[in-house]
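# A look at the structure
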Amino acid sequence: RKEVEQDPGPFNVPEGATVAFNCTYSNSASQSFFWYRQDCRKEPKLLMSVYSSGNEDGRFTAQLNRASQYISLLIRDSKLSDSATYLCVVTYSSASKIIFGSGTRLSIRP
Amino acid sequence: GAVVSQHPSWVICKSGTSVKIECRSLDFQATTMFWYRQFPKQSLMLMATSNEGSKATYEQGVEKDKFLINHASLTLSTLTVTSAHPEDSSFYICSARVNSGRVNEQFFGPGTRLTVL
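Residues numbered from 1 in each chain as written. Chains lettered and ligands numbered in written order. Predicted model: local features only at pLDDT ≥ 70, side-chain atom pairs only at ≥ 80, totals over all residues. Heavy atoms only, no water.

### Quick word on the overall build of chain B
- The secondary structure content of chain B amounts to 0 helices and 11 strands.
- Helices and strands in chain B line up, N terminus first, as β-β-β-β-β-β-β-β-β-β-β.
- The globule rule puts the C-alpha radius of gyration for 117 residues at 13 Å, and the 14 Å found for chain B is close to it.
- Based on the C-alpha atoms only, the size of chain B along its principal axes is roughly 45 × 30 × 25 Å.
- As presented, chain B carries roughly 5900 Å² of accessible surface, and 52% of it is formed by carbon and sulfur atoms.
- Counting 11 positive and 9 negative side-chain charges, chain B places the centres of these two groups 3 Å from one another. (Helix = DSSP H or I, 4+ residues; strand = E, 2+ residues; numbered from the N terminus. Rg over C-alpha atoms; globule rule 2.2 N^0.38 Å. Areas by Shrake-Rupley, 256 points an atom, 1.4 Å probe, with all protein chains shown as cover. Lys, Arg positive; Asp, Glu negative; His and termini not counted. Charge placed at Lys NZ, Arg CZ, Asp CG, Glu CD.)

Structure, rendered in structure tokens:
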């Protein structure tokens, strides 16, 4: 079983729709969680950190469920520019190790 | 956010040659940098963790003699792909970790696309 698992998609939704991704992690010692966005043939860019209390940044909401060991990303009122691959990232405090999920591809259609 | 640069951005070389990729943190010091490899339509795979002033830590399955890492200063790490072969063709991305209060964040370089003929 992979340490971090994501639905690869692709998710193809119309502009303005709400879309949600989940990511599960297997190691309960995981401490920090992030969502990254990666455009085609570009480097990943930090989208947002994920805190236990949940956090919101504009149209994006991230939540963490430690009991069930998953994090989620919700995108409201999706824009064409949201089309990208979204990577779930998990880190451990005791080491520098950073684990990427395989990414979920999102395509927003007009 | 912090800026990380990579050089070169792309390289094409013949099979058997060695290629050096540089990763620099431009506006901060990074005691730890990471090297990733990404094949088409796949996620980033961590190759090694580069620690300033000490030996790199390689992930399982990554040959340390083939992928030489040097982290000689707090702002520079280099990855040398020795005797490159076509199967080494990939997108190589480095990142540098920033400790900023509550969370650790890492910033990525723009990547280096390596094509081995």
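On we go from here.
### Comments concerning the overall build of chain A
- Of the regular secondary structure elements, chain A holds 0 helices and 11 strands.
- Counted from the first residue to the last, chain A has its helices and strands arranged as β-β-β-β-β-β-β-β-β-β-β.
- What you see for chain A is a C-alpha radius of gyration of 13 Å, in line with the 13 Å of a compact globule of 110 residues.
- Principal-axis analysis of the C-alpha atoms places the extent of chain A at approximately 45 × 30 × 20 Å.
- With 110 residues in all, chain A has 46% of them scored as buried.
- Summing over all exposed atoms, chain A offers an accessible surface of approximately 5400 Å²; the carbon and sulfur share of this is 46%.
- Computed over 13 positive and 10 negative side-chain charges, the separation of the two mean positions in chain A equals 4 Å. (Buried < 20%, exposed > 50% of the residue type's maximum accessible area, 1.4 Å probe, protein only.)

### Quick notes on the environment of Ala84 of chain B
Residues and elements named next belong to chain B.
- If you trace the backbone, Ala84 turns up in the loop between strand 8 (76–81) and strand 9 (90–100).
- C-alpha of Ala84 to C-alpha of Cys13: the two residues are 71 residues apart in sequence and 8.2 Å apart in space.
- Discounting residues that sit within four places of it in the chain, Ala84 has contacts with Cys13, Lys14, Ser15, Gly16, Thr17, Lys66 and Val116. (Contact = heavy atoms within 4.5 Å.)

### Describing the sheet that holds strand 8 (residues 70–75) of chain A
Residue and element names in this part refer to chain A.
- Pairing within the open sheet is antiparallel, and its 5 strands lie in the order 1-3-8-7-6. At either end of the open sheet lies a strand with only one pairing partner, and these are strand 1 (4–6) and strand 6 (55–57). Across the sheet, the axes of successive neighbouring strands diverge by a mean angle of 15°, strand direction being ignored.
- In terms of strand pairing, strand 6 meets strand 7 (residues 60–65) through 3 bridges, oriented antiparallel. Its bridge partner lying in strand 7, Asn55 is registered against Ala62. (Pairing = 2+ DSSP bridges. Axes fitted to C-alpha atoms, helices over the stretch in contact; angles between N-to-C directions.)

### Observations concerning the environment of Thr61 of chain A
All names here are of chain A.
- Mapped onto the elements, Thr61 comes out in strand 7.
- We classify Thr61 as buried; its relative accessible area is 14%.
- Counting along the chain gives 14 residues from Thr61 to Ile75, while the straight-line C-alpha distance between them is 6.7 Å.
- Setting aside its immediate chain neighbours within four residues, Thr61 contacts Met48, Asn55, Glu56, Ser72, Leu73, Leu74 and Arg76.
- Polar side-chain contacts of Thr61 include one of 2.9 Å to the side chain of Arg76. (Polar contact = N/O pair within 3.5 Å; in protein donor to acceptor, adjacent residues only side chain to side chain.)

### Some thoughts on the pairing of strand 2 (residues 10–13) of chain B
All names here are of chain B.
- Here strand 2 shows a buried face lined by Val11 and Cys13 and an unburied face lined by Trp10 and Ile12.
- Here strand 2 runs beside strand 11 (residues 112–116); their pairing, made up of 4 bridges, is parallel. Residue pairing for strand 11: Cys13 is matched across the bridge by Val116.

### Points about a nonpolar patch on the surface
- Together, Trp10, Ile12 and Leu117 of chain B give the surface a local cluster of nonpolar side chains, amounting to about 390 Å² of exposed area.
- Structurally, Trp10 of chain B is set in strand 2. (Patch = residues over 30% accessible without salt bridge, like charges linked within 9 Å, V, L, I, M, F, W, Y side chains within 5 Å. Salt bridge = Lys/Arg side-chain N within 4 Å of Asp/Glu carboxyl O.)

### Considerations on the nonpolar core
- Membership of the largest hydrophobic core comes to 26 residues, with the highest contact counts inside it found for Val4, Trp35, Phe67, Leu79, Tyr92 and Leu114 of chain B.
- Of all the secondary structure elements, the ones that give two or more residues to this core are strand 2, strand 3 (19–25), strand 4 (32–38), strand 5 (45–51), strand 7 (67–73), strand 8, strand 9 and strand 11 of chain B.
- Residue contributions to this core peak at 4 residues, all from strand 9 of chain B.
- Every residue in contact with Tyr92 of chain B, bar those within four places of it in the chain, is listed here: Gln6, Ile21, Tyr36, Arg37, Met47, Phe67, Leu79, Gly111, Thr112 and Leu114 of chain B.
- Listed in part, the 25 residues of the second largest apolar core include Ala17, Phe21, Met48 and Leu106 of chain A. (Core = buried A, V, L, I, M, F, W, Y, C linked by side-chain atoms within 4.5 Å.)

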